[in-house]
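Coordinate analysis (summary)
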Amino acid sequence: MIKLYLSIFLIIYLSLLANNSKLEYDIKYSDNNFIFINISKSQTPNLKITYHIVNPGDELEDISLKYKIELETLESINKISRFDRLKSGTVIYLTGDKKGEKNE
């Protein structure tokens, strides 16, 4: 039980020190009653970028991997298929918030 409290305290403390940086952590317990906590900055970008402009050769899967967004999510938001050929200059929205889009 002490392990759990110590782990939670450490995670909260480090989160506060991170200045709004997202942290990822992995907790492992050994047979010798040691706690191993691996803490690193999240590799997931904060989605302040809401769209991607297609470059020549871009595919939806590449965009999905670049921004760490599920392929199905991009398909749903943009109403396209992963099999569609993307034209250079096309705007691919990364979130459901399509600011500036005309409502027709």
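All of these numbers come straight from a predicted model, not from anything done at the bench.

What counts, and where the lines are drawn
Residues numbered from 1 in each chain as written. Predicted model: local features only at pLDDT ≥ 70, side-chain atom pairs only at ≥ 80, totals over all residues. Heavy atoms only, no water. Salt bridge = Lys/Arg side-chain N within 4 Å of Asp/Glu carboxyl O. Buried < 20%, exposed > 50% of the residue type's maximum accessible area, 1.4 Å probe, protein only. Helix = DSSP H or I, 4+ residues; strand = E, 2+ residues; numbered from the N terminus. Arc of directions from axis to C-beta. Contact = heavy atoms within 4.5 Å.

Moving on to the pattern of salt bridges. Tallied over the entire structure, the rule returns two salt bridges. Ionic pairing is found between R82 and E75, a salt bridge with its closest N-O pair at 3.0 Å. Relative accessible area serves as the criterion here: at 34%, R82 is assigned to the partly exposed category. For E75, a relative accessible area of 15% gives the class buried.

The next point concerns helix α2 (residues 60–67). Listed in full, the buried residues belonging to α2 are L60, I63, S64 and Y67. Along the axis of α2, the buried positions cluster into a sector of 100°, meaning they face one direction only. In α2, the exposed positions angled more than 90 degrees off the buried face are occupied by L65 and K66. Those residues of α2 that are buried are in contact with β3 (51–53), α3 (71–78) and β4 (91–93). Downstream of α2 by one or two residues, K68 has phi in the positive range, about 55°.

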